[in-house]
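# Architecture and fold: a report
What follows is the residue order along each chain.
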Amino acid sequence: MSARKKTLLKVIVLGDLGVGKTSLMQQFVNKKFSHQYKATIGADFLTKDLTIDNKTVSLQIWDTAGQERFQSLGVAFYRGADCCVLCYDVTNEKSLNNLSSWKDEFLVQSNVSNPQDFPFIIIGNKIDVDESKKIPSLQKKLLNITNNQLGGLNYPLFETSAKDSINVETAFENVARMALQQE
Ligand code: GTP
Ligand code: MG
């Protein structure tokens, strides 16, 4: 078979500090998890090849810093993004409420031509934790968020655990599928 050029898909992962962005990527790409929290500084990417609908794609996933003082991303960083993953922590209500600002930040910085139908995907991480710690009536809250602050648009939501590797693969496969449509 001839070596066809693989489709490179650029994905940007955003969300508050500590929601598990780095952990999700590490679990997806390297099948690793660490309990230790080490804040991401600046941005870095990991690459993973996937087969989506018989097509091999190379997913270039950009990890970013949730902590403002560690953010140093220029406009160029966002350029050419094919999908944006908005992450929150299911035990942290503030991280859920902040999704809309992360989305706005992305749209301002990336200046995509199709803000109305740009593929965003929401990941609620840490579902392995005790039920009592989770944000109450999550679905209701989320509806609120999607109806209002996320601009009246509905986005696919995946609940994951980077720790126990629950739904992580499914979430990123969908990221790839959506990115492929955008590309
Ligand atoms: P910044 O780089 O500062 O933006 O944070 P981050 O979003 O990359 O979070 P990170 O992946 O570093 O995870 C923060 C903490 O949450 C770490 O102590 C992780 O071990 C923990 N963590 C991440 N994912 C999970 C999960 O699915 N379940 C549980 N229980 N803990 C998790
Ligand atoms: Mg990180």
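A brief structural summary.

Cut-offs used in this document
- Residue positions within a chain follow its written sequence, with the count starting from 1.
- Here chains are named by letter from A upward and ligands by number from 1 upward, in the order in which they appear as written.
- Local features in this predicted model are restricted to residues whose pLDDT is 70 or higher, and side-chain atom pairs enter the listing and the counts only when it is 80 or higher, whereas totals over whole chains, interfaces and linings include all residues.
- Only the C-beta atom, placed from the backbone, is used; a residue is near a molecule or strand if that atom lies within 6 Å of it.
- Put simply, DSSP marks the helices as runs of H or I at least four residues long and the strands as runs of E at least two long, and each gets a number from the N terminus on.
- The classification used treats Ala, Val, Leu, Ile, Met, Phe, Trp, Tyr, Cys and Pro as nonpolar, Asp, Glu, Lys and Arg as charged, and all other residues, Gly among them, as polar.
- Every helix has an expected span of 1.5 Å times one less than the residues it contains.
- Think of it as a crowd count around each C-beta: if 20 or more other C-beta atoms lie within 10 Å the residue is buried, if 12 or fewer it is exposed, and in between it is partly exposed, with C-beta placed from the backbone throughout.
- Strand pairing is defined by DSSP finding a minimum of two bridges between the two strands.
- A pair of residues counts as a contact when their C-beta atoms, built from backbone coordinates, are separated by no more than 7 Å.
- For helices, the fitted axis covers only the stretch in contact; all axes are lines through C-alpha atoms, and the angles between them, taken along N-to-C directions, range from 0 to 180 degrees.

Ligand 1 sits among 24 residues. The nearest are G20, T22, S23, T40 and G66. With 3 residues, helix α1 (residues 21-30) is the single largest residue contributor to the shell around ligand 1. For the shell around ligand 1, a count of residues per class yields 7 nonpolar, 13 polar and 4 charged.

Our next topic: helix α6 (residues 168-182). With 15 residues, α6 extends 21 Å between its outermost C-alpha atoms, agreeing within 8% with the 21 Å of an ideal straight helix rising 1.5 Å per residue. Buried residues of α6: V168, A171, F172, V175, A176, M178 and A179, and no others.

Of the strand pairs in this sheet, strand β1 (residues 7-15) and strand β3 (residues 55-64) are connected by 6 bridges, and their pairing is parallel. Bridged to L9 within β3 is L59. Alignment of strand β2 (residues 43-52) against β3, held across 10 bridges, turns out to be antiparallel. Its bridge partner being in β3, T51 is matched across the sheet by T56.

Structurally, D63 can be placed in strand β3. Judged by local crowding, D63 falls into the buried class, with 20 C-beta atoms found within 10 Å. A C-alpha to C-alpha distance of 7.9 Å links D63 and L46, two positions 17 residues apart in sequence. For D63, the contacting residues outside a window of four places in its chain are V13, K21, T22, M25, T40, A43, D44 and F45.

Take the sheet that holds β3 next. One open sheet holds the 6 strands; their spatial order is β2-β3-β1-β4-β5-β6, and the pairing between them is mixed. Edge positions in the sheet fall to β2 and β6 (157-160), since each of these pairs with one other strand and no more. The mean inter-strand angle of the sheet, taken between neighbouring strand axes irrespective of direction, is 25°. Across 5 bridges, β1 lies against strand β4 (residues 83-89) in parallel orientation. Following the sheet pairing, V11 is matched in β4 by C83.

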